[in-house]
Amino acid sequence: MKRYLFGLLLLLGGSAWANPLDEGLAAFHAGNYSQAFELWKPLAEGGDAKAQYNIGLLFMNGLGVERNLVYARELFHAAAHQGMADAQYNLGLIFFEGMSVFRSNREAHQWWTLAANQGHAAAQFNLGHLYIIGSGTPRNIERGFQLWESSAQQGYPQAVETLARVYESGEIDSRRDPQRAQYWRERAK
């Protein structure tokens, strides 16, 4: 399973007047992470989920701030409780990999389920993996394949490649299907 921790920094629609969230995003893209942090900090402290998430990414990766996985997790948690799928996905990854917490596939399952239910392709793929292997949840190959298919339909590269490989080899539950393998191989290009 690949690690996609960064997710997407949230892009806001182009408004005529810049706001601190947009200005912070511009500073981030210019490589001025400290300025981005300073612009987002008051918003995050005021409960803005997008700012909390973005600052969580800064702390997770040590960009413009000292790397602090505990604080990053707290910020992701605050944003995730407001329904932000990217934050829910990153919390799942934190628990799956045991970053500053005890490794817990059950917790990863919980957070990835929330994100997957919102159509988050990476969460769908990772959650599908947990169902396929029966880790953190009872094994459910049908559900795992459904999640992989949903993820692949959105063009998530790892899901597309995995489905092509699995349908070609039949390595999971003897699901060899040359036609499905060809279908996904063509989409992997």
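Quick caveat: nothing in here was measured; it's all calculated off a predicted structure. (Residues numbered from 1 in each chain as written. Predicted model: local features only at pLDDT ≥ 70, side-chain atom pairs only at ≥ 80, totals over all residues. Heavy atoms only, no water.)

Asker: Could you give me a rundown of unusual backbone geometry, with the residues and numbers involved?
Answerer: Positive phi values are uncommon outside glycine, yet Ser-100 reaches one of about 70°. Relative to the helices and strands, Ser-100 resides in the loop between helix H5 (85-97) and helix H6 (105-116). Classification of Ser-100 by relative accessible area gives partly exposed; the value is 32%. Phi is positive for Asp-173, close to 55°, though the residue is something other than glycine. On the accessibility criterion, Asp-173 (48% relative accessible area) is partly exposed. (Helix = DSSP H or I, 4+ residues; strand = E, 2+ residues; numbered from the N terminus. Buried < 20%, exposed > 50% of the residue type's maximum accessible area, 1.4 Å probe, protein only.)

Asker: Describe the confidence of the model for the protein, naming the residues involved and giving the relevant values.
Answerer: Taken as a whole, the protein shows an average pLDDT of 91; of its residues, 91% reach a score of 70 or greater. Across residues 1-16 the pLDDT falls below 50, and counting only partners more than four positions away or on other chains, this stretch makes 43 contacts in the model. (pLDDT = per-residue confidence, 0-100. Contact = heavy atoms within 4.5 Å.)

Asker: Tell me about the side chain of Asn-105, residues and numbers included.
Answerer: Considering the arrangement of structural elements, one finds Asn-105 in helix H6. At 3.5 Å, the side chain of Asn-105 forms a polar contact with the side chain of Arg-103. One polar contact links Asn-105 to Ser-135, side chain to side chain, over a distance of 2.4 Å. (Polar contact = N/O pair within 3.5 Å; in protein donor to acceptor, adjacent residues only side chain to side chain.)

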